[in-house]
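Fold and contact review
Each chain, written out:
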Amino acid sequence: MKREIKFFNEIFENLTPKTQEIIEIAKSSMEKAYAPYSKFKVGAAVLLENGEIITGNNQENAAYPSGLCAERVAVFSAKALYPEDKILKIAIFTNREKDDSAVAPCGACRQSILEYEVQQNQPIEIIFQGEKNKFIRVESTGDLLPFYFDSSRLI
Ligand code: THU
């Protein structure tokens, strides 16, 4: 899947209606996050090729490492429910207001999403917050993981 790496920095109004919809859904899902320890709430919405939209939010735990990020809750849930359906895109929304810097998914989530991108042999777009009222859109998860590790590297 060799392609040029592209990042788009777009205002909400310039995104497609479907992307706008999943951003709004990710935002609502964020409100329901269980983040009593970090207070950092994250919501994610996954759009599948069958039209279904599956949400997730971060789930924390008193034993800190036992929690899980919003993106993986959403993506694992989507694949648990619809193992045969491809993932088209995932939107992420957080409650961070400290400054305007982008809030991209963590490395473990990128790797988890990448697994399905490679398996389905079709890019999974990721949309996350950039500067105020702007969203960064990456057409392929692999673009967020140069020299990524996938099943083809295994013996
Ligand atoms: N978190 C996410 O949900 N997604 C990310 O990509 C980064 C971090 C969550 C995990 C934890 O509940 C909180 O944010 C602080 O790290």
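Since we're looking at a predicted model, the values are computed, not measured.

This brings us to the UniProt feature "binding site: substrate" (unreviewed entry) in the protein. Taken from the UniProt record, the annotation "binding site: substrate" (unreviewed entry) applies to N58, Q59, E60, N61, A62, A63 and Y64. Tracing the sequence through the fold places N58 in the loop between strand 3 (53-57) and helix 2 (70-81). Taking the relative accessible area as the measure of exposure, A62 reaches 57% and is therefore exposed.

This brings us to the pattern of salt bridges. Taken as a whole, this structure holds six salt bridges when the rule is applied. Close ionic contact of D99 with R96 constitutes a salt bridge, the shortest N to O distance being 2.9 Å. In this structure R96 comes out as partly exposed when scored by relative accessible area, which is 28%. Residues R153 and D150 are paired through a salt bridge, measuring 3.5 Å at the closest nitrogen-oxygen approach. The exposure class assigned to R153 is exposed, which follows from its relative accessible area of 53%. Overall, the relative accessible area of 10% leaves D150 in the buried class.

Moving on: the site of the ligand. Close to the ligand lie S38, F40, V42, N58, E60, C69, A70, E71, P105 and C106, which account for all nearby residues. Within the side chain of E60, a nitrogen or oxygen atom sits 2.5 Å from an oxygen atom of the ligand. Coverage of the ligand by the protein chains reaches 73% of its 370 Å² of free accessible surface. Grouping the amino acids of the shell around the ligand by side-chain chemistry returns six nonpolar, two polar and two charged.

This next bit is on the pairing of strand 6 (residues 134-138). On a regular strand, each side chain points to the face opposite its neighbour's, so the side chains alternate between the two faces of the sheet. Burial within strand 6 is extensive, with four of its five residues counted as buried. Relative to strand 6, strand 5 (residues 125-129) runs antiparallel, the two being bridged by four bridges. Within strand 6, the residue paired with I127 across the bridge is R137. Connecting strand 5 to the antiparallel partner strand 6 that follows it, the hairpin turn spans four residues, and N133 within it adopts a positive phi of roughly 60 degrees.

Glancing now at the pairing of strand 2 (residues 42-48). With seven of seven residues buried, strand 2 is to be regarded as a mostly interior element. Neither face of strand 2 is left uncovered, since the one carrying V42, A44, V46 and L48 and the one carrying G43, A45 and L47 both have all their residues buried. Inspection of the sheet shows strand 2 paired to strand 4 (residues 87-94) by seven bridges, in the antiparallel sense. Its bridge partner being in strand 4, V42 is matched across the sheet by T94. Following strand 2, the chain reverses through four residues before pairing antiparallel with strand 3; G51 in that reversal takes a positive phi of roughly 95 degrees.

At a minimum axis distance of 9 Å, the contact between helix 2 and helix 3 (residues 107-120) shows a crossing angle of 25 degrees. One finds that helix 2 runs roughly parallel with respect to helix 3. Considering the relative orientation of helix 2 and helix 3, their crossing is left-handed. Packed against helix 2, whose contacting residues are E71, R72, V75, F76 and K79, the element helix 3 presents A108, C109, S112, I113, Y116 and Q119 at the interface.

The rules we used
Throughout, a residue's number is its position along its own chain's written sequence, starting from 1. Totals for whole chains, interfaces and linings use all residues, but because this is a predicted model, local features are given only for residues with pLDDT of at least 70 and pairs of side-chain atoms are given and counted only at 80 or more. No hydrogens and no water enter the side-chain calculation; it runs on all heavy atoms of the structure. UniProt positions are given in the numbering used here, feature names are shortened, and annotations may be inferred rather than shown by experiment. Secondary structure elements are defined from DSSP: runs of H or I of at least 4 residues count as helices, runs of E of at least 2 residues count as strands, and each element is numbered from the N terminus. Buried, partly exposed and exposed residues are distinguished by accessible area as a fraction of the type maximum, computed with a 1.4 Å probe on protein chains only: under 20%, between the cut-offs, and over 50%, respectively. For salt bridges, the criterion is a side-chain nitrogen of Lys or Arg within 4 Å of an Asp or Glu carboxyl oxygen. Residues are classed as near a molecule or strand on a simple rule: at least one heavy atom within 4 Å of it. Two N or O atoms count as a polar contact when they lie within 3.5 Å, although within protein this holds only if one can serve as hydrogen donor and the other as acceptor, and sequence-adjacent residues are included solely when both atoms are side-chain atoms. Accessibility throughout is a Shrake-Rupley quantity obtained with a 1.4 Å probe, and a residue counts as covered only by protein chains that appear here. Put simply, Ala, Val, Leu, Ile, Met, Phe, Trp, Tyr, Cys and Pro go in the nonpolar bin, Asp, Glu, Lys and Arg in the charged bin, and everything else, Gly too, in the polar bin. Strand pairing is assigned whenever DSSP detects at least two bridges linking the two strands. For helices, the fitted line uses only the C-alpha atoms of the stretch in contact; every axis is such a line through C-alpha atoms, and the angle between N-to-C directions lies from 0 to 180 degrees. Oblique is the label for any angle not under 35 degrees, not over 145, and not in the 65 to 115 range, which are roughly parallel, roughly antiparallel and roughly perpendicular in turn. By convention the crossing between two helices is left-handed if the near helix lies anticlockwise of the far one by an angle smaller than a right angle, and right-handed if it lies clockwise. For this analysis, residues touch if any pair of their heavy atoms sits within 4.5 Å.

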